[in-house]
Each structure stands twice: as C-alpha cells, then as structure tokens.
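# Breakdown of the fold
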Amino acid sequence: MSGAARQDWVAGRRGPLTGTLRVPGDKSVSHRAVMLAALADGISRIEGFLEGEDTRATASVFARMGVRFEAPAAGVRIVHGVGVDGLRAPDGPLDCGNAGTAMRLLAGVLSAQAFDSVLVGDASLSRRPMRRVIDPLQQMGARIASSDGLPPLRIHGARLHGIDYRLPVASAQVKSALLLAGLWADGDTCVHEPHPTRDYTERMLRAFGVAIDYAPGTAHLRGGQRLRACELRVPTDFSSAAFFIVAATLVPGSALRIERVGMNPRRTGLLQALRAMGADIEAHAVDGSDRDDAVADLVVRHAPLHGIDLPVEIVPDMIDEFPALFVAAACATGTTVVRGAAELRVKESDRIATMVAGLRALGIACEESADGATIHGGRLRGGRVDSHGDHRVAMAFAVAGQRADGDVRIADVANVATSFPGFDALAADVGFGLRTAGL
Ligand code: S3P
C-alpha cells in the first residue's frame, strides 16, 4: 500500500525449479466471500481466504461498518453477517488500499445504503478509472461524486432502480458492482458483457441463496432478496500460480507440481497461450471439484517456446497474466504479438508501458502499441527494472531473472503483498534465485 516501506529484489539464476508447491487463495473470490458473508443473515465461514493486503482491506472496510470478523487461523474467517439492511455508517473514509476490485464492488454496495460514505485508495488506485462503475450506477439512481472519474468516490446513499446494461468493456468488476447494487434496487438488474468474464459474483450469490440467472455473457437478478450465511472454500489463485507456470517452462531442467489450482475457464487463458507457444503443462483434475469451477494439480516441465500472434478472444481470460506472458514471449524464439489488450493500461500500473520498459532494460527488443505490444524473443541480460509498485510486474521480473545472464534488480516490490504475501520465500523454496536487496 502507499504507506508500505520501499523494498527491492535481486533475482538471478540458480538452477532448475523443482518440487511441489501450493499458492495462496484466490483474490477475486476472497474479496467477494468477505462482502457477501458480511451482507448475509447469519454466520459464514470462509476457508482458504487470501491473507493479502487487498482482501484484508475489504474486510477492514466492512469492519468499519459494523461487521464482526474472527480469524481463528491464517486463511480462515468467521464472518458475523449483518444482513442487507445491517451496515452502519462508517466514521470516516473507507480505505481500499491498492485494490481496484474492492473499490469498484464497494461502489455498488454503498450506492444503495441509507448513509453516505467515501472510498479512498493508494496512489495507484487514485489514478484508476471509476467512470465505468459511476456511469451505470448513476443510471440506477446512485449519487456519486468523484474528481473527474477518479477516486476518492463520495457516495450519497440513494434508492436505486434496476437496469438493463450492456458493458462497453468486458469487466467482471463492473458487472459485479451492478449485480451487488441490484440486490437493493427496485425491479430487475440485467448485465450483458461483450465477452464473458469471471463469474464468481454470480456463483457466490447463488451459494448465499440469491436467485440469479446467468450464462456466459449475461446475468440477471431481481432486487429485494436476502442472503443466507454459508460455508465457502476459496480455491487457490490461478494468477499467482501463473508465475510458477511460466518460470518452470523457461528454466531448463525444471519440473514443478502446483497443487489445487483454481481452473475457472475465464481465468486460464494463459494455459492456452503457453501451450500454443510449445509449453509442456499437464492438468490433473482434483476429484470432487465441480465441472465449471474445477481445481487441478498442474505439472509443468521446461520446454522451448516459440512466438505467436495471441488470439484476441482469449485476452479477457488471461487479463491478469500479461506481465508473465510478456516474459515468456521475451524468452521465446521469434515474435509474439499482443492486440486487443488496452485494458492493461489501466491496471495497477500501465502494464504495457512498464513491461516494455523493463524488457528493454534487459536487452529485449519490443514495441508498444495502443492496445498491446510486439515482443521479439531474445537473450535476457541482467539489469535494473522498475515495477512501478505493480505486484504482478514485480513477480514477472522475478521470473525473468531466472533466465537472465546477469542479476535483475527489481525496484519497488512491496506491493507483492497485496496479492501474494510470501511469494519470495515460496519461490526460493522451489529453486528461484531471489533475495531482498540492501537499499
Ligand atoms: C477482477 C477483475 C479483473 C481483474 C482484476 C480482478 C475481479 O478486472 O483484472 O484483477 O475480481 O473482478 P476487470 O474486471 O476490470 O477486467
């Protein structure tokens, strides 16, 4: 978060990556689990909760509005839900830290409350576009003031009505904000997406007893429903596993087993992309996991990669995996072209600019375009790169360091704790050369 002490890493080659590991809980699912459990009637239990700064920020926001949480063990939360009419006015601004998901989904919840609230975030979140939620929420009757579409969001609680809305960009965050607001709205809320996005809000609303119809690309619910407490198990985060999938693919001699990875099809586009580039990844479904939201053990072995023209239609299914993919492309033979990914410019950093600048600093030829990049695979050399406080950029360059000819110094990595606390220790356990740099 903005207040975190500055930290740098040095990443360098050590040897093959081997062994078995398990990554932490899914960030998207953990945010939603806390939110819905807080709004439910009764006591919910969440297991596998991500103990990251982002998801803890969401829990703190609800605690500020009167929801009681118990944390009997790491990754476990007992949530004393207050019901859809039970939130209390907070006594000051609500801090979402670095978390875009928290701010956008909370905008939906808070627009419909009987009190006013203010959502704030760190320096990165304060630069991220919020009009995409403000506009449709205002169409539902919400009263939200912002500074030119940027945080802070000043929300004046209002009576909402349902909406039938076509999203201009594929965004699970916007879809989720509207569905959550729709819980309090008069009438029906119906959301259509230009490309199906992760459906965790829809699935979880159903798990909490809400009647909701959904299919890939659409979701529809009626306002005025209540949520019933339940028990939830959060799968591990495919986006965190992605760094190990790419690292084992790139480092000669590697063979890694990554256990119980969440395999929601709207998240796993990177597997398709890497396999098309020549990667050797086996997925073994774990018994008992349900068909559409399966969990699998992945076995990844080193394989040489070749560049591809990335199919535009898989971009939303791997939207968080581009920093890792860019590193894979830098180590592939030939050229990789990414298009249709302009959304990368408004993530925790401008991921097209930060990745292209970092890869160039490591000797890779690449060009930016408005909505993607062209990366000419080559030999990575050591050098200095800046993550710009972006957790996924930092971890992607830690992977790059495992293939580079010299050490890669990565500036500004403290925000890795937003999504993957303990990444450096886990990575070192399976053979990464990765240490904190003396500043
Ligand atoms: C998320 C949706 C995605 C993703 C983000 C988490 C979510 O953002 O990039 O990391 O939990 O709904 P968009 O919905 O804005 O594409």
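Overview of the structure. (Residues numbered from 1 in each chain as written. Predicted model: local features only at pLDDT ≥ 70, side-chain atom pairs only at ≥ 80, totals over all residues. Heavy atoms only, no water.)

### A short note on the overall build of the chain
Definition in use: Think of it this way: any DSSP run of H or I at least four residues long counts as a helix, any run of E at least two long counts as a strand, and we number them from the N terminus. C-alpha atoms define the radius of gyration, and 2.2 Å times the number of residues to the power 0.38 defines the globule rule. In this analysis, two residues are considered to be in contact whenever any of their non-hydrogen atoms come within 4.5 Å of each other. Shrake-Rupley sampling with a 1.4 Å probe provides the accessible areas, and residues are treated as covered by the protein chains on show and by no other component. Counting rule for charge: Lys and Arg are taken as positive, Asp and Glu as negative, and neither His nor the chain ends is counted. Charge coordinates come from a single atom per side chain, which is NZ of Lys, CZ of Arg, CG of Asp or CD of Glu.
Summing up its helical and strand segments, the chain has twelve helices and 23 strands in all. Taken against the 2.2 N^0.38 rule, which gives 22 Å for 439 residues, the C-alpha radius of gyration of the chain at 21 Å falls within 12% of a compact globule. Once the C-alpha set of the chain is aligned to its principal axes, its extents read approximately 60 × 45 × 40 Å. Considering only contacts within the chain whose residues lie at least 6 apart along the sequence, 74% involve residues at least 24 apart. For the chain, the exposed surface amounts to about 15600 Å²; the carbon and sulfur share of it is 49%. If you average the places of the 48 positive and of the 50 negative side-chain charges in the chain, the two averages end up 2 Å apart.

### Thoughts on the site of the ligand
Which entries qualify depends on this criterion: What makes a residue near a molecule or strand is one non-hydrogen atom of that residue sitting within 4 Å of it. By the criterion applied in these results, polar contacts are pairs of N or O atoms within 3.5 Å in which, for protein atoms, one can donate a hydrogen and the other can accept it, and in which residues neighboring in sequence qualify only through two side-chain atoms. Bear in mind that the domain bounds are from an automatic or database domain assignment.
The full set of residues close to the ligand is S28, R32, T101, A170, S171, A172, Q173, R198, I319, D320 and K347. Within the side chain of S171, an N or O atom sits 3.0 Å from an oxygen atom of the ligand. Within the backbone of Q173, an N or O atom sits 2.9 Å from an oxygen atom of the ligand. Protein burial of the ligand: of its 380 Å² of free accessible surface, 95% is covered by the chains. Sorting the residues of the shell around the ligand by element identifies α1 (27-39) and α5 (172-182) as the ones contributing at least two each. Looking at the shell around the ligand, you find at least three residues from each of domain 1 (8-25 + 235-437) and domain 2 (27-233).

### Details of the packing of helix α9 (residues 322-330) against helix α10 (residues 351-361)
Stated precisely, the cut-off is as follows: For helices, the fitted line uses only the C-alpha atoms of the stretch in contact; every axis is such a line through C-alpha atoms, and the angle between N-to-C directions lies from 0 to 180 degrees. Definitions for this section: a left-handed crossing has its near helix turned counterclockwise from the far helix by less than a right angle. A right-handed crossing has that turn clockwise. In this classification, the charged set is Asp, Glu, Lys and Arg, the nonpolar set is Ala, Val, Leu, Ile, Met, Phe, Trp, Tyr, Cys and Pro, and all remaining amino acids, among them Gly, are polar.
Look at α9 against α10: their axes get within 10 Å of each other, and the N-to-C directions meet at 30 degrees. For the element pair α9 and α10, the recorded crossing hand is right-handed. Together, P323, F326, V327 and A330 of α9 and R351, M355, V356 and L359 of α10 make up the contact between the two elements. Residue composition of the contact of α9 with α10, grouped by class: seven nonpolar, no polar and one charged.

### Things to note about the packing of aromatic side chains
The description of an aromatic ring pair uses the distance of the two centres, along with the angle that the planes make with each other. Let me state the cut-off plainly: Each Phe, Tyr or Trp ring (for Trp, its six-membered ring) is paired with any other whose centre lies within 6.5 Å, and the angle between the two planes then decides the class: stacked below 30 degrees, edge-to-face above 60, tilted in between. Buried means the residue's accessible area, taken with a 1.4 Å probe over protein chains only, is under 20% of the maximum for its type, while exposed means over 50%, and partly exposed covers the values in between.
Following the criterion strictly, the structure yields eight aromatic pairs and no others. Between the aromatic rings of F322 and F326, the centroid separation amounts to 6.4 Å while the plane-to-plane angle is 90 degrees, which identifies the pairing as edge-to-face. Taken as a pair, F322 and F326 lie in helix α9 at a separation of four residues, close to a single helical turn. Here F322 matches F326 in class, with each residue buried. Taking 6.0 Å as the distance between ring centres and 85 degrees as the angle between the ring planes, the aromatic pair formed by F423 and F432 counts as edge-to-face. F432 carries the same exposure label as F423, and that label is buried. These aromatic residues form a ring-pair network of at least three members: W9, F243, F244, F420, F423 and F432.

### Notes on the sheet that holds strand β3 (residues 41-47)
Under the convention used in this document: Paired strands are those between which DSSP finds at least two bridges.
Strand order in the open sheet made by the four strands is β4-β5-β3-β14, with mixed pairing throughout. In this open sheet, the two edge strands, each paired with only one partner strand, are β4 (68-70) and β14 (231-233). Going across the sheet, the axis of each strand differs from the next one's by a mean of 20 degrees, ignoring polarity. In this structure, β3 lies alongside strand β5 (residues 76-82), joined through seven bridges in antiparallel fashion. Looking at β5, one finds that E47 is bridged to V76.

### Overview of the pairing of strand β21 (residues 383-386)
Using the following cut-off: Handedness of a crossover: with both strands directed away from the viewer, a clockwise path from the first strand across the helix to the second marks it as right-handed.
Where β21 lies against strand β22 (residues 408-411), four bridges are found, and the strand directions are parallel. Opposite R384, over in β22, you have R409 as the bridge partner. For the segment spanning β21, helix α11 (residues 391-401) and β22, crossover handedness is right-handed.

### So, the pattern of salt bridges
Rules: The term salt bridge refers to a side-chain nitrogen of Lys or Arg lying within 4 Å of a carboxyl oxygen of Asp or Glu.
According to the stated counting rule, one finds 31 salt bridges in the structure shown. Shared partners join several salt bridges into a network, and the residues in it are R128, E348, R351 and D390.

### A word on the packing of α10 against α11
Keep this limit in mind: We call two directions roughly parallel when the angle between them is under 35 degrees, roughly antiparallel when it is over 145, roughly perpendicular when it lies between 65 and 115, and oblique otherwise.
Interhelical geometry of α10 versus α11 gives an angle of 25 degrees and a closest axis separation of 11 Å. Here α10 lies roughly parallel to α11, going by the angle between them. The chirality of how α10 crosses α11 is right-handed. Contact residues: R351, T354, M355, G358 and L359 in α10; H391, R392, V393, A396 and F397 in α11. Of the residues contributing to the contact of α10 with α11, the split by class is five nonpolar, three polar and two charged.

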